[in-house]
Amino acid sequence: KEAGKGCHTSFLPEMMEDNKRKLAIASAILPGLQNDEFQVYYQPKVNVNGEVVGYEALIRWIESKLGFVSPAEFIPIAEATGRVVFITEWVIKKVFDDLSSLIEIHGPHLKVSINLSATDIKRIELLNYIERNYQMYGVDPKNTEFEVTESSYLENFEEADKFLQELSKIGASIALDDFGTGYSSLGYLTKIPIDTLKIDKQFIDELEVDERSTLITTTIIQLAKQLNLTICAEGVETEKQKDYLFNKECDQLQGYYFSKPTPLKDIQKLRRGDADT
Ligand code: C2E
Ligand code: CA
Ligand code: CA
Ligand code: CA
């Protein structure tokens, strides 16, 4: 009982601090969008020939008072407070605007992926927004992919499925993100309009270290092959992981081993540097 009380007194102030920060973050999102505090970074997805076949768009935020705030922290807050739609719409415009420059570098088959959150795929209006912006920016849907997590898909299955069926019909690709971490039911995989499975980093971290993670990874790769899905491994950090995954015929790898997420400007600079040598 004593110990329990002790816990309480140290826990409460901490909780209040935590709530204060959450509130500060929530109320800084819209001003941040207005003041150009956000950026999109791009992390390459590489195939077995070393070619960049895609990029994942990852948002970055340097807030005027809070400094760098990780998307892992502010995206869940934005979702909980209904503000994530403004972020998503901003990212879509930014990516569509950048897309032609990336295609110029990597060719017409490039796909750039945008993360959608659980609340996004409940909003049918977002579909209209995406279609309008394809037109406005002259973007071919074939060059775009949308990443949704397994849990956000299954939590609102009916709405999400309608949304993603539509998106897929238009010609965009759909990737199932963080695969293997959420639900274990696999039956739905044949019923939903996905093109790509992304194996979560937690399994890649333990490749050839933990027997089960290794087995799960190779099984997911085989499953994807048999379902005719593209398979992408995320969080690849070492040459050993790269060799192992390409040996098992994983289609695409993404991770610090190849590159950290990078601003478009730096991708272009790197490219020019390459051309000079
Ligand atoms: P995610 O979609 O699973 O993205 C992968 C995360 O892993 C990114 O973190 C990326 O920078 C990081 N990562 C990639 N390769 C490596 C690696 O080799 N080692 C390690 N340690 N990490 C690696 P990031 O950019 O901090 O994003 C975190 C999460 O925030 C994302 O997880 C995604 O859920 C969310 N997020 C990021 N950008 C957006 C966005 O524009 N919209 C939405 N809705 N969510 C976003
Ligand atoms: Ca993702
Ligand atoms: Ca992921
Ligand atoms: Ca993740």
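A quick note: this is a predicted structure, and the numbers were derived from the prediction, not measured.

Trainee: Would you mind going over the confidence of the model for the protein in detail, with residue names and values included?
Mentor: Confidence along the protein averages 92 in pLDDT terms, with 94% of residues attaining 70 or more. Segment residues 1-6 is flagged for pLDDT under 50; beyond a separation of four residues in sequence, or across chains, it makes zero contacts in the model. For this predicted complex, the interface confidence score (ipTM) comes to 0.98, while the overall pTM stands at 0.94.

Trainee: Tell me about the packing of helix H4 (residues 124-137) against helix H6 (residues 157-170), and please be specific about residues and values.
Mentor: At a minimum axis distance of 9 Å, the contact between H4 and H6 shows a crossing angle of 15°. Compared by their axis directions, H4 and H6 come out roughly parallel. As H4 runs across H6, the sense of the crossing is right-handed. Within the contact between the two elements, H4 uses Ile124, Leu126, Leu127, Ile130, Glu131 and Tyr134 and H6 uses Lys162, Phe163, Glu166, Leu167 and Ile170. Looking at the contact of H4 with H6 residue by residue, the classes come out as eight nonpolar, no polar and three charged.

Trainee: Tell me about the coordination of the calcium ion (ligand 2), residues and numbers included.
Mentor: Protein ligation of the calcium ion (ligand 2) involves Glu56 (OE), Asn115 (OD1), Glu147 (OE) and Asp177 (OD), the donor distances falling in the range 2.2 to 2.3 Å. Between the calcium ion (ligand 2) and the calcium ion (ligand 3) the interatomic distance comes to 3.9 Å, and Asp177 is a ligand of both metals. A residue pair is termed long-range when its members are at least 10 positions apart, and Asn115 in strand E4 (residues 111-115) and Asp177 in strand E6 (residues 173-179) qualify at 62 residues. We classify Asp177 as buried; its relative accessible area is 7%.

Trainee: Quick rundown of the packing of aromatic side chains? Include the residues and the values.
Mentor: Each aromatic ring pair is described using two quantities: the centre-to-centre distance and the angle formed by the ring planes. Scanning the model with the defined rule gives eight aromatic pairs in all. Seen from their ring centres, Phe38 and Trp90 are 6.1 Å apart, and the 55° between their planes marks the pair as tilted. With Phe38 in strand E1 (residues 38-46) and Trp90 in helix H3 (residues 84-106), this pair connects stretches of sequence that are 52 residues apart. Of the residues examined, Trp90 reaches a relative accessible area of 21% and is grouped as partly exposed.

Trainee: Go over the coordination of the calcium ion (ligand 4), please, and point to the residues and values.
Mentor: Coordination sphere of the calcium ion (ligand 4), protein contribution only: Asp178 (OD) and Asp178 (OD), at 2.9 to 3.1 Å. Taken as a pair, the calcium ion (ligand 4) and the calcium ion (ligand 3) lie 3.5 Å from each other and share Asp178 as a ligand. Residue position: Asp178 is located in strand E6.

Trainee: Describe the layout of surface pockets, and please don't skip the residues or the numbers.
Mentor: Volume-wise, the largest pocket comes out at about 1100 Å³. Along its surface, the largest pocket is lined by 43 residues, and Glu56, Leu58, Pro71, Asn115 and Asp177 are the ones closest to its centre. For the lining of the largest pocket, the elements supplying multiple residues, two or more each, are E1, strand E2 (52-63), helix H2 (71-80), H3, E4, strand E5 (144-149), helix H5 (150-155) and E6. Along the lines of polarity and charge, the residues of the lining of the largest pocket split into 19 nonpolar, 11 polar and 13 charged. Computed from the structure, the second largest pocket encloses a volume of approximately 310 Å³. As for the second largest pocket, its lining consists of 15 residues, and the residues nearest its centre are Val52, Tyr55, His106, Ile267 and Leu270. Counting only elements with at least two residues in the lining of the second largest pocket, the list comes to E1, E2, H3 and helix H10 (264-276). Element by element, the count of residues in the lining of the second largest pocket is highest for H10, at five residues.

Trainee: Please provide a residue-by-residue account of the side chain of Asn143, values included.
Mentor: With respect to the element layout, Asn143 can be found in the loop between H4 and E5. Take Asn143: its relative accessible area is 8%, and that puts it in the buried class. At a separation of 3.0 Å, a polar atom in the side chain of Asn143 contacts the main-chain carbonyl oxygen of Pro108. In this structure the side chain of Asn143 is engaged in a polar contact, spanning 2.7 Å, whose partner is the backbone oxygen of Leu110.

Trainee: Quick one: what's the story with the pairing of E1, residue by residue and with numbers?
Mentor: Among the nine residues of E1, seven are classified as buried, and the element is accordingly described as predominantly covered. Here E1 runs beside E2; their pairing, made up of nine bridges, is antiparallel. Residue pairing across strands places Val46 opposite Val52, the latter belonging to E2. Counting the residues between successive antiparallel strands, the hairpin from E1 to E2 contains five residues, one of them, Gly50, with a positive phi of roughly 80°. Two elements, E1 and strand E10 (residues 262-263), share two bridges in a ladder whose sense is antiparallel. Opposite Tyr41, over in E10, you have Pro263 as the bridge partner.

Trainee: Could you give me a rundown of the side chain of Asp161, with the residues and numbers involved?
Mentor: Mapped onto the secondary structure, Asp161 falls in helix H6. In this structure Asp161 is buried but unpaired, with Lys191 as the nearest side chain of opposite charge at 10 Å. Side chain to side chain, Asp161 and Tyr153 meet in a polar contact 2.5 Å long. The contact partners of Asp161, leaving out residues within four places of it in the chain, are Tyr153, Ile192 and Pro193.

Criteria and thresholds
Residues numbered from 1 in each chain as written. Chains lettered and ligands numbered in written order. Predicted model: local features only at pLDDT ≥ 70, side-chain atom pairs only at ≥ 80, totals over all residues. Heavy atoms only, no water. pLDDT = per-residue confidence, 0-100. Contact = heavy atoms within 4.5 Å. Axes fitted to C-alpha atoms, helices over the stretch in contact; angles between N-to-C directions. Helix = DSSP H or I, 4+ residues; strand = E, 2+ residues; numbered from the N terminus. Parallel < 35°, antiparallel > 145°, perpendicular 65-115°, else oblique. Left-handed = near helix turned anticlockwise from the far one by under 90°. Nonpolar A, V, L, I, M, F, W, Y, C, P; charged D, E, K, R; others polar. Donors = N, O, S within 2.8 Å, 3.2 Å for Na, K, Ca; no water. Buried < 20%, exposed > 50% of the residue type's maximum accessible area, 1.4 Å probe, protein only. Phe/Tyr/Trp six-rings, centres within 6.5 Å; stacked < 30°, edge-to-face > 60°. 1 Å grid on protein atoms, 1.4 Å probe; cavity = no way out; pocket = protein on both sides within 12 Å on 5 of 7 lines; lining within 4 Å. Points joined across faces, edges and corners; volume = space filled by probe spheres on them. Polar contact = N/O pair within 3.5 Å; in protein donor to acceptor, adjacent residues only side chain to side chain. Pairing = 2+ DSSP bridges. Lys, Arg positive; Asp, Glu negative; His and termini not counted. Salt bridge = Lys/Arg side-chain N within 4 Å of Asp/Glu carboxyl O.

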